[in-house]
Each structure stands twice: as structure tokens, then as C-alpha cells.
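Below, each chain spelled out in residue letters.
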Amino acid sequence: MTYSYNPLNVGEFGLDRIRFELGDVDVSEPEKTAYLTDEEITAVLDSSNTFKRAKFRLVESLLHRFAYEVDTKIKEADWKLSQRISAWQKIYARLKAEVDAEETGGAFGFTDGKGRPPVFEIGMHDWRRG
């Protein structure tokens, strides 16, 4: 398993951008700090239609992993691990809405293949505007 991050590649739709957008950039001690391996990210990127769909699938994976974490209190030590799942749930809900909208629009031919809907306005082809 490998863990890498190069901030110079954040502009490209690939491994480094996924790490950047998910905040999974601390790979100094990967077993302790990184959520996803390079192989996991690459596999999801390769098997997804769009970058946003890949990001959505990775967030979904993280939610499944964090679902098992519970709050723990031992004497003075108190870990509230369940608090971080709510932030991921918000990201998941936003991405799900965006991915669903793209896929619905794509089914009716309303996207350009990159997931962006075209821009229309009423009367944009009306030659009598003046």
C-alpha cells in the first residue's frame, strides 16, 4: 500500500486532487494519518465515469469506515469519534445530489459529457431581440 501526495498536481483530475478535495493530504505517517491508499483512489478513479462520481464513491467508503467508530471515555480521556461523521455525511449528501442531477441530466442529453449542464435562457435564439 502506498500513500503519496504532490500539491503541484492538484490542477489535474487525479489522485492528488482527490486527496486535496477530501483533505487527506497528510501522508507523513500514512498508517496513522491517511484515510485512503493510492491504490484505492486509483481504482475508484479508473472505474468511475466522472471525477465527481469517483469522489462520491470515496466519501461513501469513508462513511462506511467511520460508522463503526464510537465515543469513548476512560477516566479523563474523552474521544468523540462520532462527531467527525456528521461532516462527512454533509459532504456525502451534497455530492449525492450533484451526481444524481448529472446522471439524470445526462440520461436526457442535457450535459456536455463532462457533467456540466448547458446554459440556456428564454429567447436566446430570438432574432427580434433588440
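Everything here concerns the structure above.
Here is a short report on the structure shown in this document. All chains use their own residue numbering, which begins from 1 and follows the written sequence. Only residues with pLDDT of at least 70 are given local features in this predicted model, and only at 80 or more are side-chain atom pairs given and counted; all residues enter the totals for whole chains, interfaces and linings. Calculated side-chain values reflect all of the structure's heavy atoms, with hydrogen atoms and water omitted.

Some remarks on the overall build of the protein
Per the secondary structure count, the protein includes 5 helices and 2 strands. Reading the secondary structure of the protein in the N-to-C direction produces α-α-α-α-β-β-α. Accessibility here uses a 1.4 Å probe with only protein chains present; expressed as a share of the type maximum, an area under 20% marks a residue as buried, one over 50% as exposed, and anything in between as partly exposed. Out of the 130 residues in the protein, the part that is buried amounts to 26%. Contact definition: two residues touch when any of their heavy atoms are within 4.5 Å. Looking at the protein alone, contacts between residues at least 24 apart form 45% of all its contacts between residues at least 6 apart. For the protein, the accessible area works out to roughly 9,300 Å², and carbon and sulfur atoms hold 56% of it. Helix and strand labels come from DSSP, where a helix needs a run of H or I of at least four residues and a strand needs a run of E of at least two; each type is numbered from the N terminus. Throughout, the Shrake-Rupley method with a 1.4 Å probe supplies accessible areas, and for residues the shown protein chains are the sole cover considered.

A look at the packing of aromatic side chains
Where two aromatic rings form a pair, the distance of their centres and the angle of their planes describe that pair. Centre distance within 6.5 Å is the pairing criterion for rings of Phe, Tyr and Trp, where only the six-membered ring of Trp is used; planes under 30 degrees apart are then read as stacked, over 60 as edge-to-face, and the remainder as tilted. Going through the model one piece at a time under the given rule, you end up with 5 aromatic pairs. Consider the rings of Tyr35 and Trp88, whose centres lie 5.9 Å apart with planes at 80 degrees: the pair is edge-to-face. Pair noted here: Tyr35 is in the loop between helix 2 (30–33) and helix 3 (38–47) and Trp88 is in helix 5 (residues 83–107), with a separation of 53 residues, a long-range link. Ring-pair connections join several aromatic residues into one group, and the members of that group are Tyr35, Phe66 and Trp88. The ring of Phe51 carries the charged tip of Arg17 above its face, separated from the ring centre by 5.8 Å. Only Lys NZ and Arg CZ are tested; either one counts as a charge over a ring when it is within 6 Å of the ring centre and within 35 degrees of the ring normal.

Side note on helix 4 (residues 51–66)
Expected span of a helix: the number of residues minus one, times 1.5 Å. Taking 1.5 Å per residue, 16 residues should reach 22 Å; helix 4 reaches 23 Å between its end C-alpha atoms and fits that length. Every buried residue belonging to helix 4 is among Phe51, Ala54, Lys55, Phe56, Leu58, Val59, Leu62, Leu63 and Phe66, and all of these are buried.

Brief notes about the packing of helix 1 (residues 15–22) against helix 4
Any two packed helices are characterised by how steeply their axes cross, that is the angle between the axes, and by the distance between the axes. In the contact formed by helix 1 and helix 4, the axes pass within 11 Å of each other and the chain directions differ by 55 degrees. Here helix 4 runs oblique to helix 1, going by the angle between their axes. The crossing of helix 1 and helix 4 is right-handed. Taking contact as the criterion, the partners of Arg17, Ile18, Glu21 and Leu22 in helix 1 are, on helix 4, Phe51, Lys55, Leu58 and Val59. Grouping the amino acids of the contact of helix 1 with helix 4 by side-chain chemistry returns 5 nonpolar, no polar and 3 charged. Helix axes are fitted only over the stretch in contact, all axes being lines through C-alpha atoms; the angle between N-to-C directions runs from 0 to 180 degrees. Each angle gets one of four labels, with under 35 degrees taken as roughly parallel, over 145 as roughly antiparallel, 65 to 115 as roughly perpendicular, and the rest as oblique. Two helices that cross are described as forming a left-handed crossing if the nearer one is turned anticlockwise from the farther one by less than a right angle, and a right-handed crossing if clockwise. Note that Gly is not counted as nonpolar here; it falls among the polar residues with everything else outside the nonpolar set of Ala, Val, Leu, Ile, Met, Phe, Trp, Tyr, Cys and Pro and the charged set of Asp, Glu, Lys and Arg.

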